[in-house]
Amino acid sequence: MRIGVLTGGGDCPGLNAAIRSIFYRAKENGWETIGIHMGWKGMLPGGKGKEISESEIEGITNIGGTYLGSSRTNPYKLENGPKQVADAFKEHGIDALVAIGGEDTLGVAGKLHSEFKLPIVGVPKTVDHDIMGTDYTIGFDTAVNIAADSIDRLHTTARSHNRTFIVEIMGRHAGWLTLRAGIAGGAHIILIPEKPCDINKVCDAIKKREKMGKYTLLAISEGVAPPKKLAEKHDDFGHVGLTNRGMAQAFKEVIDENCKMDCRVMVLGHLLRGGSPTAYDRIMASKVGAAAVDFIKEKKFGMMAAIQGGQIAPFPLKDVVGKYKTVSDQEYALLKSLFEGDI
Ligand code: F6P
């Protein structure tokens, strides 16, 4: 038996730990593991796959990124793409495939399973933490820690200069990363896409703090509606690129003018996806990786190795497609006394 593994979509810390775990779990079953390079691109004509050897994955648990490479290739955007992926099972000589990815990659996996009955299982990863059906996604914990640490650092310089800082945080249309990092880092104002804000009220809150002699640290999610129209670019999955489009800068311009102050902007961007994973991410990625191999053994195809209530739980890939888990009202309500946000 030979299984394939691929990582698709945006990379994040913890992917290598998952790959390593998949390899060893498969080895325990007497199976070989083929590393498919560059996400779904590796399952299209010309795509590369190579047997993973024990020596090459030694010591990779603590290394960020994915050593298999990743891409945002969507086979459903290409003529005959899905059929070509189905054929690639034979070409790579694999009997089953583990797709590690976010909603896009897992969505493709779900569709391929439904349409071609392909033996695919999924593993959830994304710093956005927005995949339906799972409490855990690889990379999120590390990203929260990086963002919280960055906010800690911005506090000291903001305090020294009595200056307003806007820190922009990834997360697409979900505010998990901004909310959790904002709470951990003690941001004064937290703006997330789930709670539309009024820029005038944001300015009033900053002015009020200034009158009291206080500086302001504003954590803002990249997916918040900007105060003015910004340029839009779409990816292969139809998503608008929200990172590095100048959203925090657009807020700064309004705040500068309205509050008559010179605030500073820090876009954390891809720093949140880089570097070494936290121990939590390494352990959890190892668990969901091993569980995915168990699913293959148990023929639980079309399932994602989710975590629900601290336990591994199979969740249908078809139910991941086109849906996002956004910040719950309960979580927001519980934390809301710690910051200004619903403004
Ligand atoms: O989905 C993960 C994510 O990091 C989002 O938070 C962000 O909007 C997007 O990917 C950035 O994508 P790219 O790496 O293609 O710029």
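Placed above this text is the structure.
These numbers come from a predicted model, not from an experiment. Residue positions are given per chain, counted from 1 along the sequence in the order it is written. Given that this is a predicted model, residues contribute local features only at a pLDDT of at least 70 and side-chain atom pairs are listed and counted only at 80 or more, while totals for whole chains, interfaces and linings are drawn from all residues. Only hydrogens and water are set aside; all other atoms, that is, all heavy atoms of the structure, feed into the side-chain values.

**Student:** Residues and numbers for helix H3 (residues 81-91), please.
**Tutor:** Along H3, the residues that are buried comprise Gly81, Pro82, Val85, Ala86, Ala88 and Phe89. Down the axis of H3, the buried side of the element spans an arc of 150°, and every buried residue falls inside it. Across H3 from its buried face, at more than 90 degrees, point the exposed residues Lys90 and Glu91. We call a residue buried when its accessible area falls under 20% of the maximum for its residue type, exposed when it is over 50%, and partly exposed in between, using a 1.4 Å probe and counting protein chains only. Working definition: helices are DSSP H or I runs of at least four residues, strands are E runs of at least two. Numbering for both runs from the N terminus. By definition, the arc is the one covered by directions from the helix axis to the C-beta atoms.

**Student:** Can you explain the state of the cysteines? Please cite residues and give values.
**Tutor:** Note that a disulfide, as used here, is simply two cysteine sulfur atoms within 2.5 Å. On inspection of all chains with the given rule, the structure shows zero disulfides. Among the cysteines around cysteine 203, which has no disulfide bond, cysteine 259 carries the closest sulfur, lying 4.0 Å off. Cysteine 203 sits in the buried class, given a relative accessible area of 0%. With a relative accessible area of 6%, cysteine 259 lands in the buried category.

**Student:** Outline the pairing of strand S11 (residues 311-316), supporting the account with residue identities and numerical values.
**Tutor:** Of the strand pairs in this sheet, strand S10 (residues 303-308) and S11 are connected by six bridges, and their pairing is antiparallel. Bridge assignment links methionine 304 to a residue of S11, and that residue is phenylalanine 315. The pairing criterion for strands is at least two bridges between them, as found by DSSP. Here S10 hands over to S11 after two residues, with glycine 309 in that stretch at a positive phi of 55°.

**Student:** Would you mind going over the sheet that holds strand S8 (residues 217-221) in detail, with residue names and values included?
**Tutor:** In space, the four strands of this open sheet follow the order S7-S8-S6-S9, with parallel pairing throughout. The two strands at the open ends of the sheet, each matched to only one other strand, are strand S7 (189-191) and strand S9 (264-267). In this sheet, neighbouring strand axes are inclined to one another by 15° on average, regardless of whether the strands run parallel or antiparallel. In terms of strand pairing, strand S6 (residues 165-169) meets S8 through five bridges, oriented parallel. Along S8, the bridge assignment pairs isoleucine 169 with serine 221. Contacts between residues were defined by any pair of non-hydrogen atoms, one from each residue, lying within 4.5 Å. The axes used here are C-alpha line fits, helices contributing only the stretch in contact, and every angle between their N-to-C directions lies in the interval 0 to 180 degrees. Contacting S7 and S8, helix H7 (residues 199-211) crosses the sheet at an angle of about 165° to S7.

**Student:** For the environment of arginine 20, give the residues involved together with the corresponding values.
**Tutor:** Locating arginine 20 in the fold gives a position in helix H1 (residues 15-28). Looking at arginine 20, the relative accessible area reads 31%, which means it is partly exposed. Remark: the alpha-carbon pair of arginine 20 and isoleucine 190, spanning 170 residues in sequence, is separated by 37 Å. Contacts of arginine 20, omitting those with residues within four sequence positions, involve Ile57, Ile60 and Thr61.

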